[in-house]
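Given next are the chains, with one letter for each unit.
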Amino acid sequence: MPGQGKTTGDLKAGILWALIAYAFWGGMPLYVWLVRSVEPMEILCHRIAWSAVVMSIVVHLQGKWPLVIQAVKNRKTLAGLVASAVMVGINWGVYIYAAATSQVLQTSLGYYVLPLLSILFGMVVFHERLRPLQWVALAIATLSIALRIHLAGALPWISIGVALSFCFYGVLRKVIPVDASAGLYIETIILLPVALFALTWYWLEGTNDFGQTWQMDLSLALSGIVTVIPLYFFGLAARIVPLSIMGFMQYFSPSIQLLLGIFLFGESFSREKQISFLLIWVALGVFTFDSIVHIR
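Residues numbered from 1 in each chain as written. Predicted model: local features only at pLDDT ≥ 70, side-chain atom pairs only at ≥ 80, totals over all residues. Heavy atoms only, no water.

Asker: Can you help me understand unusual backbone geometry in this one?
Answerer: Excluding glycine, residues mostly have negative phi values, and the peptide bonds linking residues are mostly trans. Phi at S102 takes a positive value of approximately 55 degrees, unusual for a residue other than glycine. Relative accessible area serves as the criterion here: at 32%, S102 is assigned to the partly exposed category. (Buried < 20%, exposed > 50% of the residue type's maximum accessible area, 1.4 Å probe, protein only.)

Asker: Hey, could you run me through the environment of G224 in this one?
Answerer: Mapped onto the fold, G224 is located in helix α10 (residues 214-238). A relative accessible area of 0% places G224 in the buried class. Taking the C-alpha atoms as reference points, G224 and A195, 29 residues apart in sequence, are found 13 Å from one another. Those residues in contact with G224, other than ones at most four positions away along the chain, are W50, S51 and V54. (Helix = DSSP H or I, 4+ residues; strand = E, 2+ residues; numbered from the N terminus. Contact = heavy atoms within 4.5 Å.)

Asker: Is there a simple way to think about the packing of helix α4 (residues 65-73) against helix α9 (residues 180-205) in this case?
Answerer: For any two helices packed against each other, one specifies the crossing angle of their axes together with the interaxial distance. Here α4 crosses α9 at 60 degrees, and the two axes come no closer than 9 Å. With respect to their mutual orientation, α4 and α9 come out oblique. The two elements α4 and α9 meet at a crossing, and its hand is right-handed. Along the contact surface, α4 presents W65, L67, V68, A71 and V72, while α9 presents A182, Y185 and I186. The class makeup of the residues in the contact of α4 with α9 is 8 nonpolar, no polar and no charged. (Axes fitted to C-alpha atoms, helices over the stretch in contact; angles between N-to-C directions. Parallel < 35°, antiparallel > 145°, perpendicular 65-115°, else oblique. Left-handed = near helix turned anticlockwise from the far one by under 90°. Nonpolar A, V, L, I, M, F, W, Y, C, P; charged D, E, K, R; others polar.)

Asker: Could you clarify how one ought to interpret a nonpolar patch on the surface in this entry?
Answerer: Nonpolar side chains collect at one region of the surface, where Y97, I149, L155 and W157 lie side by side and expose about 380 Å² of accessible area between them. Counting through the fold element by element, I149 comes out in helix α7 (residues 132-152). (Patch = residues over 30% accessible without salt bridge, like charges linked within 9 Å, V, L, I, M, F, W, Y side chains within 5 Å. Areas by Shrake-Rupley, 256 points an atom, 1.4 Å probe, with all protein chains shown as cover. Salt bridge = Lys/Arg side-chain N within 4 Å of Asp/Glu carboxyl O.)

Asker: Can you walk me through the packing of aromatic side chains in this structure?
Answerer: The description of two aromatic rings rests on the distance between their centres and on the angle between their planes. This structure, assessed with the given rule, holds 14 aromatic pairs. Ring geometry for W25 against F234: centres 5.5 Å apart, planes inclined by 55 degrees, an arrangement best described as tilted. With W25 in helix α1 (residues 8-26) and F234 in helix α10, this residue pair connects regions lying 209 residues apart in the sequence. Under the relative-accessibility criterion, W25 is labelled partly exposed at 24%. The interplanar angle of 50 degrees and the centroid separation of 6.2 Å between the aromatic rings of W50 and F210 together place this pair among those described as tilted. (Phe/Tyr/Trp six-rings, centres within 6.5 Å; stacked < 30°, edge-to-face > 60°.)

Asker: Is there a simple way to think about α9 in this case?
Answerer: Since the α-helix advances by 3.6 residues per turn, residues separated by three or four positions end up pointing in the same direction. The terminal C-alpha atoms of α9, which comprises 26 residues, lie 37 Å apart, in line with the 38 Å expected from a rise of 1.5 Å per residue. For α9, the principal kink sits at L192 and spans about 40 degrees; a proline, P193, occurs within the next four residues. Within two residues after α9, G206 carries a phi angle of roughly 75 degrees, on the positive side. (Expected span 1.5 Å × (residues − 1). Bend = angle between axes of the 7 residues up to and from the residue.)

Asker: Sorry, what's going on with the side chain of N91 here?
Answerer: With respect to the helices and strands, N91 occurs in helix α5 (residues 75-100). Classification of N91 as buried rests on a relative accessible area of 5%. Reaching out from N91, the side chain makes a polar contact with the side chain of Y111 at a distance of 3.2 Å. Non-local contacts of N91, meaning those with residues more than four positions away in its chain, are made with Y111, V162, S165 and F166. (Polar contact = N/O pair within 3.5 Å; in protein donor to acceptor, adjacent residues only side chain to side chain.)

Asker: Would you mind showing me how to read the pattern of salt bridges here?
Answerer: Any two side chains of opposite charge can pair, so long as their charged atoms come close to each other. A full pass over the atoms with the stated rule returns 3 salt bridges. When the shortest N-O distance is used, the salt bridge between D290 and R131 registers 2.7 Å. Taken together, the residues span a long stretch of sequence, with D290 in helix α13 (residues 271-295) and R131 in the loop between α6 (104-126) and α7 at a distance of 159 residues. On the accessibility criterion, D290 (7% relative accessible area) is buried. E187 is the salt-bridge partner of R173, the closest N and O atoms lying 3.1 Å from each other. Linking R173 in helix α8 (residues 157-175) with E187 in helix α9, this pair joins segments that are 14 residues apart in sequence. When its relative accessible area of 0% is taken as the criterion, E187 is described as buried.

Next comes the structure, spelled out in structure tokens:
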């Protein structure tokens, strides 16, 4: 089990790295707010392009080019990475659109739902048997989404989009036999031609924001670093921190998004939204309690 044989100092360091990772993911709307004058699609394209640059450096420093070549030569692995690249591209795109249009509460709800959706996918895809309390948690979460649709009169497609895309991504990366850094590098390279084509189109149309001011150029270039840093620290933490603790900490990210949505982006926290979040928190409470009991 992760965390066994580690000293107290190692555990404290691991928790700190996990907090950094989740803080970066939770604070991602702040980055989008920084470049809010740029079209969401252009932000997405820059995130892909600069992530490819940063991951090229990471793979080179880690000496993982042989793993990249090995993955590319395997047709099944490459096909799986094409699918996972599409999923991560959709996830990034929906997230950026939500933050750029001040709908951060929807992304927060989506990432609160994610752990519950993951156990549902585990049952469907990997034929895992759910415990009674897990069924209760799923039922409450389903009620939350149903009430949200009924009270708001609209489908929370952003919440569903970020949760489903990342869940599909997690399932794909679970079954694809590839190193984490090599896999992320290949995914960004797969998405890179589309991103470069779109950025070229913006440039030819004269609607590009990159190249106008050095401040904006630097801000857009930071998207690659902002993407890779939390993944790096999460990888360090996952090797040390027990899964039981990581399970609690994963709620840190959507909680930050919730606060940013209310206090920075000024989004309305209406009654139907409050009810949705309350039910999701109850479902997560049941899920967490069941996880603690099972782990013990």
